[in-house]
Amino acid sequence: MSTATAMIIGASSQLSQALARQLSAQQVSLVLFVNDPESLNEFSQSLPGEVSVYPLAIDQPDTLITQLNTAWTKHNGAHLVIVNTGVNDYDPSLPWAIDKLAIDINVMGFAAANNCIFKLMCDQGYGQLAAINSIAGQRGGPNVAYHASKAFAENYLQGLSMHAQRLKLPITISDIQLGLFDKAVHLNTQLLLSPIDKVATQIITALQKGKRRVYVTKRWRVVAWINRLLPEYIYNTRHWKQRKKSQ
């Protein structure tokens, strides 16, 4: 029988499914949230342990909160909740639609999910809330709203951790800082992209150790340190120049 319950909010990505496979192999009961539950039928049936799938309206905070509360009550809470939601797109013309979508999902949806789960864990009296984040939040970047949203996520999680300490509750808040993982997937570059199972294994190991913040994979800790120290004139290497007029 399962000895623990884990919820994954945003279970459609390759990373979420790799995490689900490894947790299920450890006899963890899974509660998965995804925009289209039917899309996970084949995947959920392939897992060895108990799996339940629920709809996820990440772009509708009020509906999202209701969905999470309903599943939480039905499953009598959870020991671990992993939030892996987010969008990342880029267009050099900076259309408002891209920024708005990033804000709606990466900020509004992210905050609603974490706020709801944190309060449920407070009522429960314990738990671990982990969010898949990115070192992109350390500084601004060409994907303007995406970088800003990851900075928001980092600070939001730190605030929740402070609240848990203030309330003297055994609630662990884990900030999983991925090293340009979204960019690597988008560009399909093996230089930046680590094997998905290795990424998932390092995340689960860090969660089992109760890490407050962890860089995945481990080599990105050094990159993140250098990234923070770079002066602006080096970090911002994009020098905008006027095009020469054609003759």
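Rules and cut-offs
- Per chain, residue numbering runs from 1 following the sequence as it is written.
- Note on the predicted model: pLDDT of at least 70 is required for a residue's local features to be given, and 80 or more for side-chain atom pairs to be given and counted; whole-chain, interface and lining totals, by contrast, use all residues.
- The basis for every side-chain value is the complete set of heavy atoms in the structure, and neither hydrogens nor water enter the calculation.
- Here an axis means a line fitted to C-alpha atoms, over the contact stretch when the element is a helix, while the angle between two N-to-C directions is reported on a 0 to 180 degree scale.
- Secondary structure elements are taken from DSSP: a helix is a run of H or I of four residues or more, a strand is a run of E of two residues or more, and numbering for both begins at the N terminus.
- Any angle that falls under 35 degrees is termed roughly parallel, while one over 145 is termed roughly antiparallel, one within 65 to 115 roughly perpendicular, and all others oblique.
- When the near helix sits turned anticlockwise from the far one by under a right angle, the crossing is termed left-handed; a clockwise turn instead gives a right-handed crossing.
- Between two residues, a contact is recorded if the distance between any of their heavy atoms is within 4.5 Å.
- When residue character is reported, Ala, Val, Leu, Ile, Met, Phe, Trp, Tyr, Cys and Pro are called nonpolar, Asp, Glu, Lys and Arg charged, and the others, Gly included, polar.
- For every residue, the predictor reports its confidence as pLDDT, a number between 0 and 100.
- For each residue, the accessible area found with a 1.4 Å probe, counting protein chains only, is set against the maximum for its type, and the residue is called buried under 20%, exposed over 50%, and partly exposed in between.
- Throughout this description, the term salt bridge denotes a Lys or Arg side-chain nitrogen within 4 Å of a carboxyl oxygen of Asp or Glu.
- For a helix, the expected span equals 1.5 Å multiplied by the number of residues minus one.
- Fitting one axis to the seven residues ending at a residue and another to the seven starting there, the bend at that residue is the angle between the two axes.

### Quick notes on the packing of helix α3 (residues 61-74) against helix α4 (residues 96-124)
The geometry of α3 relative to α4 is characterised by a closest axis approach of 9 Å and an angle of 30° between their N-to-C directions. On the basis of the axis angle, α3 is roughly parallel to α4. Taken as a pair, α3 and α4 cross one another with a handedness that is right-handed. Contact residues: P61, L64, I65, L68, N69 and W72 in α3; M108, G109, A112, A113, C116, I117, L120, M121 and Q124 in α4. When its residues are assigned to classes, the contact of α3 with α4 shows twelve nonpolar, three polar and no charged.

### Some details on the confidence of the model for the protein chain
The predicted model of the protein chain averages 88 in pLDDT, with 81% of residues at 70 or higher. Overall, residues 182-189 carries pLDDT values under 50, and its contacts beyond four positions in sequence, including any with other chains, amount to six contacts.

### A word on unusual backbone geometry
Even without being a glycine, Q27 presents a positive backbone phi close to 65°. Relative to the elements of secondary structure, Q27 occurs in the loop between α1 (14-25) and β2 (28-34). With phi around 55°, K168 is a residue other than glycine that occupies positive phi space. Secondary-structure assignment places K168 in the loop between α5 (144-166) and β6 (171-178). Residue classification places K168 among the exposed residues on the basis of a relative accessible area of 74%.

### Structural notes on the environment of W72
Structurally, the position occupied by W72 is in helix α3. Along the primary structure W72 and I117 are separated by 45 residues, whereas in three dimensions their C-alpha atoms are 8.8 Å apart. In this view, W72 contacts M7, G77, A78, V81, I117, L120, M121 and Q124; residues no more than four positions away in its chain are not counted.

### A look at the pattern of salt bridges
Pairing of side chains with opposite charge becomes possible as their charged atoms draw close. Tallying each qualifying case throughout the model produces three salt bridges. Here D104 ties to K100 by a salt bridge, and the two come within 2.7 Å at their closest N and O atoms. With a gap of four residues between them, D104 and K100 both fall in helix α4, about one helical turn apart. Of the residues examined, D104 reaches a relative accessible area of 23% and is grouped as partly exposed. D175 is paired through a salt bridge with R213; the nearest N and O atoms lie 3.9 Å apart. Of this pair, D175 sits in strand β6 while R213 sits in strand β7 (residues 213-216); the two residues are 38 residues apart in sequence, bridging distant segments of the chain. When its relative accessible area of 0% is taken as the criterion, D175 is described as buried. Each of E154, D175 and R213 takes part in salt bridges that share partners, so that together they form one network.

### Brief notes about α4
Helix length check: α4, at 29 residues, gives a terminal C-alpha distance of 40 Å against a target of 42 Å (1.5 Å per residue), a fit within 8%. The axis of α4 is deflected most strongly, by about 25°, at G109. Positive phi shows up at G125, right after α4, with a value of about 100°.

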